[in-house]
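Chain and residue survey
Below are the chains, spelled out letter by letter.
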Amino acid sequence: MNIEWVREQFPVFNSNTKMVFMDNAGGSQTVGHAIHAITDYLTHYDVQLGASYATSAAAAAQLARATDHIQTYLNAEQNEEVVMGPSSTALIRILSLCLAETWQVGDEVIITDVDHEANRAAWLELKKKGIVIKTWRIRPDTLSLETDDLLELMTAKTRLVCFTHVSNILGTINPVKDWTRLIHEHGAHVCVDGVAYAPHRLIDVQDWDVDFYFFSTYKTFGPHQAVLYGKFDLLNGLPGFNHGFITTVPYKFQPGNVNYELCYAMGAVVQYLSELGAGSAHATVSRDHLQAAYTQIADHEARLLEPLVDVLQHNPQVRIIGEPASDPERRVATLSFVHEHKDSQSIVKAVDPHRIGIRFGDFYAVKLIDHLGLRNQQGVVRVSLAHYNTEAEVSQLIKVLQDSL
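Conventions adopted
Residues numbered from 1 in each chain as written. Predicted model: local features only at pLDDT ≥ 70, side-chain atom pairs only at ≥ 80, totals over all residues. Heavy atoms only, no water. Helix = DSSP H or I, 4+ residues; strand = E, 2+ residues; numbered from the N terminus. Expected span 1.5 Å × (residues − 1). Buried < 20%, exposed > 50% of the residue type's maximum accessible area, 1.4 Å probe, protein only. Polar contact = N/O pair within 3.5 Å; in protein donor to acceptor, adjacent residues only side chain to side chain. 1 Å grid on protein atoms, 1.4 Å probe; cavity = no way out; pocket = protein on both sides within 12 Å on 5 of 7 lines; lining within 4 Å. Points joined across faces, edges and corners; volume = space filled by probe spheres on them. Nonpolar A, V, L, I, M, F, W, Y, C, P; charged D, E, K, R; others polar. Phe/Tyr/Trp six-rings, centres within 6.5 Å; stacked < 30°, edge-to-face > 60°.

Relative to the helices and strands, T55 resides in helix α3 (residues 54-74). As a C-alpha pair, T55 and A100 span 45 residues in sequence and 40 Å in three-dimensional space.

Here is the structure:
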């Protein structure tokens, strides 16, 4: 991967910043394509859609083009399956309320104790409506969700299983396709949190056959917004969450409509990724180019992660929370650890003066931190790398950590 070209595409790295950004799982830097798209939309297309005059028609065309790009990015079958919204949390809350209207008292939803609260809290709220919520628990010895444990929870009343593609703390890539097939065989649907996966690997909702899948665009090099995918037949069959007369997909799940300029900007992120994969500016948005981009991203991030994993593993007072390897087939470049004698907050505070942005805490994976007994430890120290990070930056972090651990 041409790291110099990549960093040129992010204005923050051309602004003489002295920061090293390694809290990317909390929010990535925004690519220039997206920033320019926001300015372009607000300058040339800042009107309400649906009117007959020329600027409104042009704005609608630009939004449709951006949605087509996002559809390609997801590999969704049609663009009506792309629901945009202000955040993953908001979109899943809307989905949960709409689904609940189709369920009966006593129906069951399975959640995990690994997920970010976005894929837990909305479903837990449904207990008030008589929905039974079960928890698929992580095994403390393997730090993994095991299929056998899921099977013990499933019954004829199971309607939905909610799980994460990648834990925002563990970094491990879960077998979404295998789990989805198994869950479908038992007559239930899936809702997958792809927030910690999307910045690092290419989404393919058709290949995985997932029913619902969501990610946050502000953690995927774009603006503060989110995307929810849902199979058209499922979305079309649900009651809406908008004005009663709005009954078409996706609009019935987008109350007050969407933020036009931010949707337009996410289409520009897909354009950037296609250019990265093609190795040329103005490249056509295509699955081939996107796959090439994410192959480069996975390889580059694995190279960045390897020396950090090695240093932490060789410190007897440090324990990596998750897969202690840099294998891109098994994990993404989000790495958490704890120290035997130092709490996580003190470690991060020691790094802060060096203008390296890492973080401590539970990262809204509240139950996971509690289950692992790390609450009094102030959670974990998390280093979350992105493809625009460099080997020199990782070396800088390693030197600081060696001095402070």
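Attention now goes to helix α10 (residues 260-278). Helix length check: α10, at 19 residues, gives a terminal C-alpha distance of 27 Å against a target of 27 Å (1.5 Å per residue), a fit within 8%. Burial of α10 is extensive: 18 of the 19 residues sit out of reach of the surface. Where α10 begins, the side chain of N259 points an oxygen toward the backbone nitrogen of E261, at a separation of 3.3 Å. A positive phi of about 75° marks G279, the residue just after α10.

The computed volume of the largest pocket comes to approximately 550 Å³. If you trace the largest pocket, you find 36 residues lining it, with A25, G26, H116, Y218 and K219 closest to the centre. Residue assignment for the lining of the largest pocket shows that the elements contributing at least two residues are α4 (88-100), β7 (212-216) and β12 (359-361). Take the lining of the largest pocket: its biggest share by element is 3 residues, from β12. Tallied by class, the residues present in the lining of the largest pocket amount to 15 nonpolar, 15 polar and 6 charged.

It is worth spelling out the packing of aromatic side chains at this point. Evaluated as defined, the whole model comprises 19 aromatic pairs. The interplanar angle of 80° and the centroid separation of 6.2 Å between the aromatic rings of F10 and F221 together place this pair among those described as edge-to-face. One end of the pair, F10, is in the loop between α1 (3-8) and β1 (20-21); the other, F221, is in the loop between β7 and β8 (226-230), with 211 residues separating them in the sequence. Using a relative accessible area of 0% as the deciding quantity, one classes F10 as buried. Classification of F221 as buried rests on a relative accessible area of 0%. Judged by centre distance (5.5 Å) and plane angle (55°), the ring pair of Y73 and F215 falls under tilted. Within this pair, whereas Y73 is found in helix α3, its partner F215 is found in strand β7, the two being separated by 142 residues in sequence. On the basis of relative accessibility, which here comes to 0%, the residue F215 falls in the buried class. Within the aromatic cluster, the residues linked to one another by ring pairs are W5, F10, F13, F21, F221, Y272 and Y388.

Spatial relationships are all this shows, so hold off on functional conclusions.
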